[in-house]
Amino acid sequence: MGDARMNDSAGPRCLDSVLVIACGALAREILALKRMNGWEHLDLACLPAKLHLWPDRIPDAVAAAVEEARGRYGRVFVAYADCGTGGLLAARCAGLGVEMLAGPHCYSFFEGNAAFAAHADEEMRAFYLTDFLVRQFDAFVWRPMGLDRHPELRDMLFGNYERLVYLAQTDDPVLSAEAERCAARLGLGYQRRFTGYGDLARALALA
């Protein structure tokens with residue numbers, strides 16, 4: 001799911017519908033919220049989650065998806081935070097006249113931007129995972145950092161971190177156990193903090 005583009009829409013929609021253009025890393029969570037809340041007016045189109053490996057490509061990819069949707073939806077909402085674009089995505093969305101998620105990244109909006117900011121200074125040496133990143137740890141952390149080929153790099157890459165903080169969107173004991181294994185692989189302490197869907201749920205409720 002994380003590397004493929006997905007779209008749960010089925011052709012042209014009326015102008016009362018909303019298209020959410022999202023990072024593929026949020027697909028499971030957005031579809032869960034749609035089911036839980038009965039948001040039949042909401043369609044989802046996901047861009048590849050691996051764009052996060054090249055944040056400079058995100059604004060162009062989002063802009064292309066917005067332009068593709070024009071005329072088919074009454075509203076388009078961008079389910080990306082800044083995500084390492086240095087404000088470029090916000091500027092592009094403003095120019096296109098579409099709203100996006102507030103916050104620097106998914107760790108922040110899942111916990112709630114205000115709550116995350118309140119203890120950010122205490123967690124300067126924390127490495128965060130979400131449900132998606134626990135599931136895709138090898139694809140998005142281990143292999144991109146070269147640890148599959150050069151495990152000796154672990155202490156150099158993670159030596160300044162103290163603990164892995166798993167920000168859990170769901171109460172899943174299998175994921176919790178896997179997150180703890182991820183912490184052990186990185187040589188870090190482990191903490192689990194349940195967040196639910198945080199500001200993502202609140203933003204989509206207003207979409």
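Worth saying up front: this structure is predicted, and the values here are computed from it rather than measured. (Residues numbered from 1 in each chain as written. Predicted model: local features only at pLDDT ≥ 70, side-chain atom pairs only at ≥ 80, totals over all residues. Heavy atoms only, no water.)

**Re the nonpolar core**
- One finds Ile30, Val62, Tyr80, Leu129, Leu164 and Leu186 to be the most contacted residues of the largest nonpolar core, which totals 68 residues.
- Dropping the residues within four chain positions of it, Ile30 is found in contact with Val20, Ala22, Leu42, Leu44, Ala79, Leu200 and Leu204.
- Membership of the second largest hydrophobic core comes to 5 residues, among which are Phe116, Ala126, Tyr128 and Leu167. (Core = buried A, V, L, I, M, F, W, Y, C linked by side-chain atoms within 4.5 Å. Buried < 20%, exposed > 50% of the residue type's maximum accessible area, 1.4 Å probe, protein only. Contact = heavy atoms within 4.5 Å.)

**Section: the packing of helix α1 (residues 27-37) against helix α10 (residues 198-205)**
- At a minimum axis distance of 11 Å, the contact between α1 and α10 shows a crossing angle of 50°. The angle between the axes of α1 and α10 places the two elements in the oblique class. As for the relative orientation of α1 and α10, their crossing is right-handed in sense. When α1 is examined against α10, the residues Glu29, Ile30 and Leu33 are found in contact with a partner set consisting of Leu200, Ala201 and Leu204. (Axes fitted to C-alpha atoms, helices over the stretch in contact; angles between N-to-C directions. Helix = DSSP H or I, 4+ residues; strand = E, 2+ residues; numbered from the N terminus. Parallel < 35°, antiparallel > 145°, perpendicular 65-115°, else oblique. Left-handed = near helix turned anticlockwise from the far one by under 90°.)

**A look at the packing of aromatic side chains**
- Across all of its chains, the model carries 8 aromatic pairs by this definition.
- Connected via pairs of aromatic rings, a cluster forms that spans Tyr107, Phe116 and Tyr128.
- Seen from the ring of Trp142, Arg185 lies directly overhead, with NZ or CZ sitting 4.4 Å from the centre. (Phe/Tyr/Trp six-rings, centres within 6.5 Å; stacked < 30°, edge-to-face > 60°. Lys NZ or Arg CZ within 6 Å of the ring centre and 35° of its normal.)

**A short note on the environment of Arg28**
- By secondary structure assignment, the location of Arg28 is in helix α1.
- A relative accessible area of 43% places Arg28 in the partly exposed class.
- Spatially, the C-alpha atom of Arg28 lies 8.4 Å from that of Phe132, the residues being 104 residues apart in sequence.

**Overview of the sheet that holds strand β8 (residues 189-194)**
- Judged by pairing direction, the sheet is parallel, and its 3 strands sit side by side in the order β6-β7-β8 without closing on themselves. Looking at the sheet topology across the chains shown, the edges are occupied by β6 (126-129) and β8. Across this sheet, the average inter-strand angle for adjacent strands is 25°, counted without regard to direction.
- Running over the sheet, helix α9 (residues 173-186) touches β6, β7 (163-168) and β8 and is turned about 160° from β7. (Pairing = 2+ DSSP bridges.)

**Some thoughts on a nonpolar patch on the surface**
- Where nonpolar side chains cluster on the molecular surface, the patch consists of Met145, Met156 and Leu157 and spans about 280 Å² of accessible area.
- In this structure, Met156 sits in helix α8 (residues 154-158).
- Relative accessible area serves as the criterion here: at 62%, Met156 is assigned to the exposed category. (Patch = residues over 30% accessible without salt bridge, like charges linked within 9 Å, V, L, I, M, F, W, Y side chains within 5 Å. Areas by Shrake-Rupley, 256 points an atom, 1.4 Å probe, with all protein chains shown as cover. Salt bridge = Lys/Arg side-chain N within 4 Å of Asp/Glu carboxyl O.)

**Some thoughts on the confidence of the model for the chain**
- Put simply, the chain has an average pLDDT of 93, and 93% of its residues get 70 or more.
- Scored below 50 in pLDDT, residues 1-5 makes 15 contacts in the model with residues more than four places away or belonging to other chains. (pLDDT = per-residue confidence, 0-100.)

**Observations regarding the pairing of strand β3 (residues 42-47)**
- A large share of β3 lies buried, amounting to 6 of its 6 residues.
- By the alternation rule, side chains of β3 split into Leu42, Leu44 and Cys46 and Asp43, Ala45 and Leu47, which are all buried.
- Direction of pairing for strand β2 (residues 18-23) relative to β3: parallel, over a ladder of 6 bridges. Considered in β3, the bridge of Val18 is made with Leu42.
- Of the crossover connections in this fold, the one passing from β2 over α1 to the parallel β3 is right-handed. (Right-handed = clockwise from strand over helix to strand, strands pointing away.)

**Notes on the side chain of Glu111**
- Looking at where Glu111 falls in the secondary structure, it is placed in helix α4 (residues 106-111).
- Setting aside its immediate chain neighbours within four residues, Glu111 contacts Phe116, His119, Leu167, Arg193 and Thr195.

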